[in-house]
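Each chain, letter by letter, is given below.
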Amino acid sequence: MSKGRFGKHGGQYIPETLMNEIHGLEKAYEHYKNDAGFVAELDNLNRQYAGRPSILYFAEKMTKALGGAKIYFKREDLNHTGSHKINNVLGQVLLAKRMGKTRVIAETGAGQHGVATATAAALLDMECEIFMGKEDTIRQALNVYRMELLGAKVHAVESGTKTLKDAVNACMGEWTARVSDTLYVLGSVMGPHPFPTIVRDFQSVISREAREQILEAEGRLPDVVMACIGGGSNAIGSFYEFIKDESVRLIGCEAAGHGVDTDKTAATMAVGTEGIFHGMKSYFCQNEYGQIAPVYSISAGLDYPGVGPEHAYLKDIGRAEYVPVTDEEAVRAFEYIAREEGIIAAIESSHAVAHLMKIAPTMRKDQIIICTLSGRGDKDVAAIARYRGVDLHE
Amino acid sequence: MNRIKKAFDNKKAFIGFLTAGDPTLEKTEEFVLEMERGGAALIELGIPFSDPIADGPVIQAANIRSLTAGCTTDKIFDTVASMRKKTQIPLVFLAYLNTLYKYGYEAFCRRCRECGVDGVIIPDMPFEEKGELVPIASRYDVDVITLIAPTSKERIKMLAKEAEGFIYVVSSMGVTGIRDEITTDVAEIVDIIRSVTDTPTAIGFGINTKEQVYKYSSIADGVIVGSAIVRVVGQHGEQAGKELCHYVSGMAGALAE
């Protein structure tokens, strides 16, 4: 069996055209992840530019209101560019630069990964092109303009369902057309090996910090660590350093859209089956013939028909649990955390908050939950207003 | 004698590609027969996929036409079985790996054998991952076709040594589609392949003129034309049969001796 496996999941299911390039990336990453200069430069960027470490915030009001476990939020929404995506792109764009590349390309759903990539490319002087589903460029028009302000070229992808998976297709196609000077900066813990590992390593800074911070604040490990999950990068980043701590429950909250019993859903763990797509073996929403299903969620960032291979493995071995959260539940959580804590969290992150609101009251007061707020919700305000039937004019 | 070998027997091979079920499966059967009449030596039948990452806009559109018309893997097998009563032309599937994985490798290869499919081309299964399929395909005498790309370089010998059926030499970077100019030094790639194997080579990706057919069939043992044929189907729809025979006959007529 090939490299980059998580149990039976993972692998490198990509066209021959990319194989030499992907082996080169593997080698470069193996080298630089242990290179003192690279590690120091990335650490410096994380601190001086991205604003790390992100705070672990004790949500006292929500804790009291929900009447159960102590609630902590890991505030990735406070990072530069407003989400956890910056952790990964600083690492990957720096890696691209060390590899002698002059151009980076990336897919984006909600636009957060696109904005983060365009940001890192601007800072590190790289050419940048972003592929975004046409549908998402409409839902997240502000982010398109933001990327353009940062000097990136944005391609609206018109094929298929015109959302995240089609953006990935287009970006992979572009990479096969031009590999010599270009690195595909993948936004999640998905795709062919070594991407799931690279992205996980760069995102695991979330749990590395959170583990230290909670030990400092409470003198003990949390009972639950939870995060929203689409492809799974903020979730694996939140889980990773806690995987070895068997007493810590790990919960990924996926987007159920209108519900897992409808066809308007993106809850891969709930309704998906094993398959091979986008370079990896994992779980996917698909029909009996393996046609990838058009998925739906109010959240463009979770609107993806697959899930990263390491999550598929964590599910298989029972180490992590994955729960579906509907649009309506997520929107209510979006509104709740805004009023209760004064935090406008991303609609993606609000999926995790929604499940937190279900489980916190069922837990004892001496128990602890850490929930990652993967991003801030400014980008979602207009969509939430539309969802609530409010007519906005800017 | 294996049917694929026959395609390259003492002559250069013109290989034509069609997306199965575009616009309908009844028409696919007719189109294959017309392409054979026009001089195609081997037919590559694409199993439509929702997300054909290695294909350009022309074949993407054909995939959508076919899936919208209700084409499925099972229906394609039935069509091939029916077609086999009328022709012994060598036939390979172009399919994305998920199609086989979801059907079950064993069941898929068995159906290939039963229906008379001679091989499979899988654009998203590189050498490193073929171990999960090849032993099963071998048992059913289904060749798993090797693709070699402009970027394969030092991998070429490793890939060519284990090749079965024929070797698909990808002429260009990127996805499938019609190209005015092909800049890769395919002659060098073919030379390296021939230094390690007798398996015939066919060049594809971007070929759409008689000049290109002549040039690449002088270098390799065959040429593959995909998007240009699918475009004919896209333009003429159900009426494409005669046009395909005419088109293939013109292109195949340009093959080198």
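Structural data are supplied above this passage.
Because the structure is predicted, anything quoted here is derived from the model rather than measured.

Asker: Tell me about the layout of surface pockets, and name the residues and values.
Answerer: The computed volume of the largest pocket comes to approximately 660 Å³. Forming the walls of the largest pocket are 35 residues, and the residues nearest its centre are A:Ser159, A:Gly160, A:Asn169, B:Pro52 and B:Gln60. Contributing elements (two or more residues each) for the lining of the largest pocket: strand S7 (153–157) and helix H8 (164–177) of chain A together with helix H3 (57–68) of chain B. Residue composition of the lining of the largest pocket, grouped by class: 16 nonpolar, 13 polar and 6 charged. Of the pockets and cavities examined, the second largest pocket occupies roughly 430 Å³. The wall of the second largest pocket is formed by 17 residues, among which A:Leu42, A:Asp43, A:Asn46, A:Val205 and A:Arg208 lie closest to the centre. For the lining of the second largest pocket, the elements supplying multiple residues, two or more each, are helix H1 (19–32), helix H2 (36–48), helix H9 (195–203) and helix H10 (205–218) of chain A. Of the residues forming the lining of the second largest pocket, the biggest block, 6 residues, is contributed by H2(A).

Asker: Which residues make up the packing of aromatic side chains, and what values do they have?
Answerer: Counted according to the given criterion, the structure contains 17 aromatic pairs over all chains. Measuring from centroid to centroid gives 5.2 Å for B:Phe77 and B:Phe108, while their planes differ by 65 degrees, and the two rings are edge-to-face. Here B:Phe108 lies in helix H6 (residues 105–115) and B:Phe77 lies in helix H4 (residues 73–83), a separation of 31 residues in the sequence. Its relative accessible area of 0% is what places B:Phe108 among the buried residues. Judged by centre distance (6.0 Å) and plane angle (55 degrees), the rings of B:Phe93 and B:Phe108 are tilted. Placement of B:Phe93 in strand S3 (residues 91–94) and of B:Phe108 in helix H6 is noted, with a sequence separation of 15 residues between them. These aromatic residues form a ring-pair network of at least three members: A:Phe277, A:Phe284, B:Phe49 and B:Tyr96. Positioned over the ring face of A:Phe58 is A:Lys70, at 5.1 Å from the centre of the ring.

What counts, and at which threshold
Residues numbered from 1 in each chain as written. Chains lettered and ligands numbered in written order. Predicted model: local features only at pLDDT ≥ 70, side-chain atom pairs only at ≥ 80, totals over all residues. Heavy atoms only, no water. 1 Å grid on protein atoms, 1.4 Å probe; cavity = no way out; pocket = protein on both sides within 12 Å on 5 of 7 lines; lining within 4 Å. Points joined across faces, edges and corners; volume = space filled by probe spheres on them. Helix = DSSP H or I, 4+ residues; strand = E, 2+ residues; numbered from the N terminus. Nonpolar A, V, L, I, M, F, W, Y, C, P; charged D, E, K, R; others polar. Phe/Tyr/Trp six-rings, centres within 6.5 Å; stacked < 30°, edge-to-face > 60°. Buried < 20%, exposed > 50% of the residue type's maximum accessible area, 1.4 Å probe, protein only. Lys NZ or Arg CZ within 6 Å of the ring centre and 35° of its normal.

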